[in-house]
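# Descriptive structure summary
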Amino acid sequence: MHRTTLVIAFSVLFFAVCAAADEPYRGAQSQPVDVQNIKLELDVDLRAREISGSATIDFAALSVLKSVSLDAVGHEVSSVEQIHDGSPPQSMQHHNTGEKLLIDFPQPLARGEAARIKIAYRVRDPKTGAYFFGPSETDPEVPWMMWTQGEPNGNRFWFPAFDHPNEKQTTSIVATVDAELEVLSNGTLVPREEDHERSTHRLTLKR
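The following refers to the structure shown. Not measured: the values here are computed from a predicted model. (Residues numbered from 1 in each chain as written. Predicted model: local features only at pLDDT ≥ 70, side-chain atom pairs only at ≥ 80, totals over all residues. Heavy atoms only, no water.)

### Considerations on the sheet that holds strand E2 (residues 33–45)
The pairing of strands in a sheet happens through backbone hydrogen bonds and is either parallel or antiparallel. Cut-off, in case you're wondering: By this definition, two strands are paired if DSSP reports at least two bridges between them. In DSSP terms, a helix is any run of H or I states spanning at least four residues, a strand is any run of E spanning at least two, and both are numbered starting from the N terminus.
Strands sit in the order E6-E5-E9-E3-E2-E12-E15-E14 across an open sheet of 8 strands; the sheet is mixed. Looking along the sheet, the strands with just one partner apiece sit at the ends: strand E6 (90–91) and strand E14 (188–195). Of the pairings in the sheet, the one linking strand E3 (residues 50–61) to strand E9 (residues 114–124) comprises 11 bridges and is antiparallel in character. From the neighbouring strand, alanine 60 faces E9, where its bridge partner is alanine 114.

### Quick notes on the packing of aromatic side chains
The relation between two aromatic rings is expressed through the spacing of the ring centres and the mutual angle of the planes. Selection rule: Note on ring pairs: Phe, Tyr and Trp rings are taken, using the six-membered ring of Trp, and paired if centres are within 6.5 Å. Classes follow the plane angle, with under 30 degrees stacked, over 60 edge-to-face and the rest tilted. Here's how the labels work: a residue is buried when its accessible area is under 20% of the maximum for its type, exposed when over 50%, partly exposed in between, all with a 1.4 Å probe on protein chains only.
Scanning all chains against the criterion turns up 4 aromatic pairs. Between tryptophan 158 and phenylalanine 159, the ring centres sit 4.8 Å apart and the planes meet at 85 degrees, which makes this aromatic pair edge-to-face. The exposure class assigned to tryptophan 158 is buried, which follows from its relative accessible area of 0%. What makes phenylalanine 159 buried here is its relative accessible area of 1%. Of the aromatic side chains, those joined through ring pairs into one cluster are Phe59, Phe105 and Phe162.

### Side note on unusual backbone geometry
At the junction of glutamate 151 and proline 152, the peptide bond is cis and its omega measures out at -10 degrees in the coordinates. Mapped onto the elements, proline 152 comes out in the loop between strand E11 (145–148) and strand E12 (170–178). In this structure, arginine 49 is a non-glycine residue whose phi angle is positive, near 55 degrees. Here aspartate 125, not a glycine, exhibits a phi torsion of approximately 45 degrees, which is positive. Summarising the element assignment, aspartate 125 is placed in the loop between E9 and strand E10 (130–133). Residue classification places aspartate 125 among the partly exposed residues on the basis of a relative accessible area of 42%.

### Structural notes on the sheet that holds strand E7 (residues 94–96)
Cut-off, in case you're wondering: To define axes, lines are fitted to C-alpha atoms, for helices over the stretch in contact only, and angles between the resulting N-to-C directions are given on a 0 to 180 degree scale.
Sheet architecture is open: 3 strands sit in the order E4-E8-E7, paired in antiparallel fashion. The open sheet is flanked by strand E4 (65–71) and E7, the only strands paired with a single partner. For this sheet the average axis-to-axis angle between neighbouring strands, irrespective of direction, equals 15 degrees. Where E4 lies against strand E8 (residues 100–109), 6 bridges are found, and the strand directions are antiparallel. Paired with serine 67 across the strands is aspartate 104, a residue of E8.

### Some details on the pairing of E11
In E11, alternate side chains face the same way, and those of Met146 and Thr148 are buried while those of Met145 and Trp147 on the opposite face are not. Bridge count between E10 and E11: 4 bridges; the pairing is antiparallel. By the bridge assignment, tyrosine 131 is partnered in E11 with tryptophan 147.

### Digging into the pattern of salt bridges
Any two side chains of opposite charge can pair, on the condition that their charged atoms come close. Put simply, the rule is: Any Lys or Arg side-chain nitrogen located within 4 Å of an Asp or Glu carboxyl oxygen qualifies as a salt bridge.
The final tally for this structure, using the stated rule, is 9 salt bridges. Across the pair arginine 49 and aspartate 125 runs a salt bridge whose closest N-O atoms are separated by 3.0 Å. Placement of arginine 49 in the loop between E2 and E3 and of aspartate 125 in the loop between E9 and E10 is noted, with a sequence separation of 76 residues between them. When salt bridges with common partners are traced through the structure, they connect Glu50, Glu76, Arg122 and Arg124 into a single cluster.

### Some details on the environment of threonine 56
Tracing the backbone shows threonine 56 in strand E3. Looking at threonine 56, the relative accessible area reads 10%, which means it is buried. For the pair threonine 56 and glutamate 81, spaced 25 residues apart in sequence, the C-alpha separation works out to 9.3 Å.

Everything listed here is a matter of coordinates, which is why it stays silent on function.
What follows is the structure, given as structure tokens:
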């Protein structure tokens, strides 16, 4: 019997390549914000090849900021909210191009001002970044599995982000999966919560 496994990871790899002298200069992506933390709260359905839930992004503006653009390929976005401590969430105007999520702030952010945005979304059968596997007629012994590989810019296919190698932040993943699944990730595991009615368990991993 195969034990099914779910692997969620933020991949980090550094390597160097020496370019020829006539190669054009490729600089780091300009950063409108300094991202400090990303929290993903996800329900993973291996059979439907689907990820749904929310991404909460904490950041500080590096200049006066009226809007932000996130990388989000193939996302179905149901809501975007700005979260304020001690106040109700504030709905934000947004436009989803299919590759970018453009978000307008109700009031411009000042340089250095901190903000928190929560995005509710769903991704079905992403092209890359998150890979689903399962049994088939030709190979019925393949276990149900999903794993992620984000480098250098594949995370945009399974969660909204400033998806560039020069953007660094702390992360946490809260994954709700079927009870027979295991979740593996880098980071510190917070004790799991069992939901016997749904036959699922919920795990939190922080890094």
